[in-house]
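Reading the structure
Each chain, letter by letter, is given below.
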Amino acid sequence: MTQHDSPPLPAYRPGASKQASEAPDDTSPSRTARPWMPALLYTLGFLTVYLLAVCTPWGQRAENALFRLGVQGGEEAWIYPLSGSPYGSTPIPPMELSAEPTVMAGLAVIVVLTLVRRCWRSGCAALGVVILTIGGKEGFKSTMPRPDLVGAPENLLDQGFPSGHTAIPAALTLAVVLVVSPRIRPYVATAGVLWLACIAAATATMGGHRPSEVLGATLLACACYGLATWLLPSAAAPGATRNPRALPVITLTLALAVALVSGARNDTLTRSLVSAATAFICAVLIWYAAVGRPARRARAASD
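Residues numbered from 1 in each chain as written. Predicted model: local features only at pLDDT ≥ 70, side-chain atom pairs only at ≥ 80, totals over all residues. Heavy atoms only, no water.

**Remarks on the packing of helix α6 (residues 120–143) against helix α9 (residues 211–231)**
Packed helix pairs are specified by the crossing angle of their axes together with the interaxial distance, meaning the distance between the axes. Running from N to C, α6 and α9 point in directions that differ by 145 degrees, and their axes come no closer than 9 Å. As α6 packs across α9, the resulting crossing turns out to be right-handed. Where α6 abuts α9, its residues A125, V129, L132, T133, G136 and K137 lie against L220, A221, C224, Y225, L227 and A228. When grouped by side-chain class, the residues that make up the contact of α6 with α9 number nine nonpolar, two polar and one charged. (Axes fitted to C-alpha atoms, helices over the stretch in contact; angles between N-to-C directions. Helix = DSSP H or I, 4+ residues; strand = E, 2+ residues; numbered from the N terminus. Left-handed = near helix turned anticlockwise from the far one by under 90°. Contact = heavy atoms within 4.5 Å. Nonpolar A, V, L, I, M, F, W, Y, C, P; charged D, E, K, R; others polar.)

**Comments concerning the packing of aromatic side chains**
This structure, assessed with the given rule, holds five aromatic pairs. Ring geometry for F46 against F140: centres 5.1 Å apart, planes inclined by 75 degrees, an arrangement best described as edge-to-face. With F46 in helix α3 (residues 37–54) and F140 in helix α6, this residue pair connects regions lying 94 residues apart in the sequence. F140 shares its class with F46; the two are buried. (Phe/Tyr/Trp six-rings, centres within 6.5 Å; stacked < 30°, edge-to-face > 60°. Buried < 20%, exposed > 50% of the residue type's maximum accessible area, 1.4 Å probe, protein only.)

**Topic: the packing of α3 against helix α4 (residues 57–67)**
Between α3 and α4, the shortest axis-to-axis distance is 5 Å and the interhelical angle comes to 80 degrees. For the element pair α3 / α4, the angle class is roughly perpendicular. Of the residues in α4, those in contact with L52, A53 and V54 of α3 are W58, G59, Q60 and E63. When its residues are assigned to classes, the contact of α3 with α4 shows four nonpolar, two polar and one charged. (Parallel < 35°, antiparallel > 145°, perpendicular 65-115°, else oblique.)

**Considering the pattern of salt bridges**
For the coordinates displayed, the defined rule picks out four salt bridges. Close ionic contact of E138 with K137 constitutes a salt bridge, the shortest N to O distance being 2.2 Å. On the basis of relative accessibility, which here comes to 8%, the residue K137 falls in the buried class. The shortest N-O distance in the salt bridge between R146 and E213 comes to 3.9 Å. You can see R146 sitting in the loop between α6 and α7 (164–179) and its partner E213 sitting in helix α9, a full 67 residues away along the chain. Considered together, R146 and E213 belong to a single accessibility category, that of buried residues. The network of salt bridges with shared partners includes R146, R210 and E213. (Salt bridge = Lys/Arg side-chain N within 4 Å of Asp/Glu carboxyl O.)

Nothing here speaks to function; it is all geometry.
Here it is, written out as C-alpha cells:
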C-alpha cells in the first residue's frame, strides 16, 4: 500500500445493520426507570379501602346492610354445593380447609418452575409475593381488628380485613406470572384471573367476607407484586409479551361471567350483583398488574 492509498473498507456482513438496530437501548425508559409508582398506588388503594369501609360508621353500615339482604349464611348461593361447607363435599381451592394445601401446592409449583427455568431472581421474587401477601394479611388482621362503630351484631364482628381466601389466588396468580415463560404468561394470567373471580365472588356472596375485605386482599397482592417487580433488575423483571389482541376482552368477559355465576343467590339480586361487581374489579386489577401494565410500559418505551 502506498502513502496515498485509502484504507480498505470493512467487509459487509449481511444482517449486521439489522442486528445493530435491534440491539437493546440502555437508555430506554424500561431500563433506566424503576416502576415504583404502581406499588405505592396499590398500597394507597389498600389503605383507602380500609379507612373508608372499616373505620367510618357509614362504611360499616353500608356493608352490614348487605348481610340483611336474604338469609344468613351461604345456603342460597349457587356455588354453595362446591364451597366445601356441606358435609363431605370437596371445596374449590382455597375454600374451607383447602386453603393451606393450596398455598403449599402453589409454592411447590413456583419452586419447580424456578429450578426448571433457572430464573433464580424471579423465583425468589415470586416466593416473596406469596409470603408477603399472606403474611401481610395475617399481620394486618391481627394488629388492626375491626372496630364496632355502629353497634353491629356479634356475628358481623368476626370477619377481618383483608380476606385470606381471596389473597391466596391473587398472590399465587401474580407469583406464577413471574416465573413462567413469556410466551404462556398471558394465558396463565387468564386462568388465574378466572380463578380469582370465582373465589372472590363466592367469598363475598356467601357471607365469609365483606366486599371491602375481598377488594383489600387483591390490592394487597398487587402491592406486593409491584414491590417485587420494582426490586427486580430490569433484565429479570417481567416485560411485555405478544398475545392475541382479543385476549384481554375475552379474559375479562369470561371473568365477568364467572363472577356473575359465582356470586348469584336465589334470595337477593342486590347482594348477588354487589358480590359479582367486587369480584370483577378484583379480576381487572390482577389482569392489569400482570399483563396490562407491562404491555403499556413497553409501548411507551418504543414510542
